[in-house]
Structures are given as C-alpha cells and as structure tokens.
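Overview (structure and organization)
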Amino acid sequence: MNKIKAVIFDMDGVLIDSISLMLKLNQTCFPSSTREDLEHMFTGNVLEQIDNRKETFGDSLSEEDQIKLQQAYTEEKTTTVQLYSGIEDLLHTLTSRGY
C-alpha cells in the first residue's frame, strides 16, 4: 500500500476566499464590479485574470495601475485574507497525521 507523502492544495478559491479580496480591490478601479463578475472571470491564475478585466468590465487599466493592483492583491492575500470555514481545522488535522 502506498503511503501519502504530501497533500497539495490550490490556494485561491480553495483555501482562501480570493474572490472577496479581488472584489474589494477591483471596486477601487471598477466601482460597478460585482461578485458575479469576478466569479465569471476567475478561471486559472488570478494574476493572469487581472489582464482579462477589459472583457468583463469594458475598461482597462494602465500598465502602472495593473502592477499596483497585482501588488495590492499579493500584499492583501498574505496579510488579511480569511481561510474558508473548516480549513484551519483540516490543516491542523493533516499536520497532526504527519502530512
């Protein structure tokens, strides 16, 4: 029998509610953006999707503003984003089982 040696998770939308974070950040640039807009946009890498906003919101940002938005996303994600309910317990359980 093979023993599991590691457990790997995608972070955005699996461990953390990244859509709420992106909604907060996007509304600074696109005040009319909604959670539904972002849920439609979010397939694949979040930072790549920033470049696809024009299709969703009918507007685009300067390269400088895109960089600022990406930096703000990265900073917020590492300091203020909340784990989904139950994730902390799951991670503690996996850790206690040696994963």
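Only a predicted model underlies this, so the values are computations on that prediction, with no experimental measurement involved. Counting from 1, residues in each chain are numbered in the order their sequence is written. Only residues with pLDDT of at least 70 are given local features in this predicted model, and only at 80 or more are side-chain atom pairs given and counted; all residues enter the totals for whole chains, interfaces and linings. Values reported for side chains reflect all heavy atoms of the structure, with hydrogen atoms and water molecules removed beforehand.

1. Re the nonpolar core
Operational definition: Remark: nonpolar core denotes a set of buried residues (Ala, Val, Leu, Ile, Met, Phe, Trp, Tyr, Cys) joined through side-chain atoms within 4.5 Å. Relative accessibility thresholds used throughout: buried, under 20% of the residue-type maximum; exposed, over 50%; partly exposed, between the two (1.4 Å probe, protein chains only). Under the scheme used here, helices are H or I runs from DSSP no shorter than 4 residues and strands are E runs no shorter than 2 residues, and both carry numbers assigned from the N terminus.
Grouped together as the largest cluster of nonpolar side chains are 15 residues, with contacts concentrated most on Leu-21, Met-22, Leu-25, Leu-38 and Tyr-73. Where this core is concerned, the elements lending two or more residues are helix 1 (18–29), helix 2 (35–41) and helix 5 (63–79). If you tally residues by element for this core, the top one is helix 1, at five residues.

2. Examining the packing of helix 1 against helix 5
This is how it is decided: Between N-to-C directions, angles span 0 to 180 degrees; the directions come from axes that are lines fitted to C-alpha atoms, helices contributing only their stretch in contact. Convention used here: angles under 35 degrees read as roughly parallel, angles over 145 as roughly antiparallel, angles from 65 to 115 as roughly perpendicular, and any remaining angle as oblique. In this scheme, a crossing is called left-handed if the near helix is turned counterclockwise away from the far one by less than a right angle; it is called right-handed if the turn is clockwise. Two residues form a contact once any of their heavy atoms are found within 4.5 Å. Under the convention adopted here, Pro, Cys and the residues Ala, Val, Leu, Ile, Met, Phe, Trp and Tyr are nonpolar, Asp, Glu, Lys and Arg are charged, and Gly plus all remaining residues are polar.
The N-to-C vectors of helix 1 and helix 5 enclose an angle of 140°; their axes lie 10 Å apart at closest approach. Taken together, the axis directions place helix 1 and helix 5 in an arrangement best described as oblique. Seen along the crossing, helix 1 lies across helix 5 with a hand that is right-handed. Residues Ser-18, Leu-21, Met-22, Lys-24, Leu-25 and Asn-26 of helix 1 form the contact with helix 5, whose own contacting residues are Leu-69, Ala-72, Tyr-73, Glu-76 and Lys-77. Classifying every residue of the contact of helix 1 with helix 5 gives six nonpolar, two polar and three charged.

3. Description of a nonpolar patch on the surface
The following threshold applies: Here a patch means residues that are over 30% exposed by relative accessible area and free of salt bridges, tied together within 9 Å if like-charged and within 5 Å if nonpolar (Val, Leu, Ile, Met, Phe, Trp, Tyr). What sets the accessible areas is the Shrake-Rupley method with a 1.4 Å probe; for residues, cover comes only from the shown protein chains. Salt bridges are identified by distance alone: a Lys or Arg side-chain nitrogen within 4 Å of an Asp or Glu carboxyl oxygen.
A cluster of nonpolar side chains, Ile-4, Val-7, Phe-9, Val-14, Leu-83, Leu-90, Leu-91 and Tyr-99, forms an exposed patch at the surface whose accessible area comes to about 610 Å². Tracing the chain through its elements places Leu-83 in the loop between helix 5 and helix 6 (87–96).

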